Amino acid sequence: MDRPRSHALFEKARALMPGGVNSPVRAFRGVGGEPVFFKSGAGAWLTDVDGHRYVDYVGSWGPLIFGHAPRPVTEAIAEAAQGGTSFGAPHEREIELAELIRAAVPSVQKVRLVSSGSEATTAAIRLARGFTGRDLIVKFEGCYHGAVDSLLVKAGSGVETLGLPDSPGVPADLARLTLTLPFNDLERARELFAHRGAQIAALIIEPVVGNMGVLVPRDGYLQGLADLCQRHGALFICDEVMTGFRVHFGGAQALYGLKPDLTTFGKIIGGGLPVGAYGGRADVMARIAPEGPVYQAGTLSGNPLATAAGIAMLKELARPGVYERLEGTAARLAQGLRERAAAHHLKASVNRVGSMLTLFFAPEPPFDYASAKKADAARFGRFFHGMLDRGVYLPPSQFEAAFVSLAHGEAEIAHTLAAADEALSE
Ligand code: HOZ
């Protein structure tokens, strides 16, 4: 499929921006070739600058749970914009969004709105250190929590896609304070806490991993980690930037019956506009300035447009049957992909939780970083381009999650599976 306008724009962009992009995974380094430049999105479909249409499974990396430009959200943004795009001062929509989050996620007694998921995880880590007076942070190999110094250690997503070692620029003295564990191995976590538990400020985890592709937590694993944290006085932080309001209205913590000390949010709570949030136990959140001494601030925090979009999105998501519909669509897609991979005698598996899924070109369903790494990323790259040329836009990396939206209907799933049938035969 020719994309001359995309090509020309990419040439221009490369002269202006590192790699021609504003976030690394978009550059297609994980699949080869050149990125597509898009002109518009409507529902489940994206249109590129050359006029080609694609069923979109990136969904802006998670926020677009109703697809592109859902009317209630665009109307809310337009209405808010008429009243001013930023105040840098308190306003009522902040309260409304905070109330909606708190009502859906009972572990969140108090919340602070910020402008991105990375900002939320940065603040949560600082808060955990400030609250406990300890320095060590535990994270999981291949989990990604934003481009945050303390968390760019054995990180997934773009770091994994580009095959980078831990990022230069993160001081070694800081990286030393971040300990890593394999996902889904409770015994290793027990051993670590037995030795260092008294120095650990917090453990941060993607409860359903989306940044090594989708990895599913084993039964009891997350609760086991929460118990360990409680026993050793460390905070249990669920990074629900991706999973919040995505795998369940109450996030992964509702799905798995967890009560984290702190939770980070982003993506869906901003309805497709730049937003993040962190919240949790009232006594922990009371340490944040101006109530407490742990400093965190932001000029655009609680932005009127972003809060309007988030409120509209969460209200739509609260309607009955929404998550059941999403589950049905995603399950049909996952099953269809499994059947087509099997029909072509491919060693492939589909990991899925709710509307997050990954087709791994791996013999067994990956369950941790090491098993995800065994996937054939070159084979994924061929599949990706086969799908792209047939009008399906997947995440351009084996190590990212695909997102199904409520705008994906029978026609989009049928189109996708027909494309997959052909792309998998190549
Ligand atoms: N790191 C994001 C996915 N896990 C990608 C962000 C982007 O490129 O927009």
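Residues numbered from 1 in each chain as written. Predicted model: local features only at pLDDT ≥ 70, side-chain atom pairs only at ≥ 80, totals over all residues. Heavy atoms only, no water.

This brings us to the packing of aromatic side chains. Following the criterion strictly, the structure yields 15 aromatic pairs and no others. When the ring of Phe361 is compared with that of Phe383, the centres are 5.6 Å apart and the planes differ by 65 degrees; the resulting orientation is edge-to-face. Placement of the pair is Phe361 in the loop between strand 12 (356-360) and helix 13 (369-373) and Phe383 in helix 14 (residues 377-388), with a sequence separation of 22 residues. Under the relative-accessibility criterion, Phe361 is labelled buried at 5%. What makes Phe383 buried here is its relative accessible area of 2%. Judged by centre distance (6.4 Å) and plane angle (65 degrees), the ring pair of Phe380 and Phe383 falls under edge-to-face. With Phe380 and Phe383 both in helix 14, this residue pair falls three residues apart, about one helical turn. Phe380 gets classed as buried once you look at its relative accessible area, which sits at 5%. Taken together, the aromatic side chains of Phe28, Phe38, Tyr54, Phe384 and Tyr393 make up a single cluster linked through ring pairs. The ring of Trp45 has Arg53 lying over it, and the distance from NZ or CZ to the ring centre is 4.4 Å. Against the face of Phe367 rests Arg218, its NZ or CZ located 4.5 Å from the ring centre. (Phe/Tyr/Trp six-rings, centres within 6.5 Å; stacked < 30°, edge-to-face > 60°. Helix = DSSP H or I, 4+ residues; strand = E, 2+ residues; numbered from the N terminus. Buried < 20%, exposed > 50% of the residue type's maximum accessible area, 1.4 Å probe, protein only. Lys NZ or Arg CZ within 6 Å of the ring centre and 35° of its normal.)

Its 22 residues give helix 12 (residues 322-343) an end-to-end C-alpha distance of 32 Å, which sits within 8% of 32 Å, the value for a rise of 1.5 Å per residue. Along helix 12, the residues classified as buried are Val322, Tyr323, Leu326, Thr329, Ala330, Leu333, Ala334, Gly336, Leu337 and Ala341. Buried positions in helix 12, seen along its axis, are confined to an arc of 165 degrees and lie on one side of it. Exposed side of helix 12, more than 90 degrees from the buried face: Glu324 and Ala343 are the residues found there. Where helix 12 is buried, its residues contact helix 11 (304-317), strand 11 (349-353), strand 12 and helix 15 (410-423). His345 sits one or two positions beyond helix 12 and adopts a positive phi of about 55 degrees. (Expected span 1.5 Å × (residues − 1). Arc of directions from axis to C-beta. Contact = heavy atoms within 4.5 Å.)

With that out of the way, let us pick up the environment of Leu151. With respect to the helices and strands, the residue Leu151 is situated in the loop between strand 5 (136-140) and helix 5 (158-161). Under the relative-accessibility criterion, Leu151 is labelled buried at 0%. The spatial distance from the C-alpha of Leu151 to the C-alpha of Ala372 is 20 Å, given a sequence separation of 221 residues.

Right, let's talk about the layout of surface pockets for a bit. Any empty space left between atoms is shown by rolling a water-sized probe over those atoms. The calculated volume of the second largest pocket comes to roughly 710 Å³. Among the secondary structure elements, those contributing two or more residues to the lining of the second largest pocket are helix 3 (92-104) and strand 4 (110-114). It is helix 3 that contributes the most residues to the lining of the second largest pocket, five residues altogether. Here the lining of the second largest pocket is built from residues that sort into 15 nonpolar, 10 polar and six charged. (1 Å grid on protein atoms, 1.4 Å probe; cavity = no way out; pocket = protein on both sides within 12 Å on 5 of 7 lines; lining within 4 Å. Points joined across faces, edges and corners; volume = space filled by probe spheres on them. Nonpolar A, V, L, I, M, F, W, Y, C, P; charged D, E, K, R; others polar.)

All quantities given are derived from atomic positions and should not be read as evidence of function.
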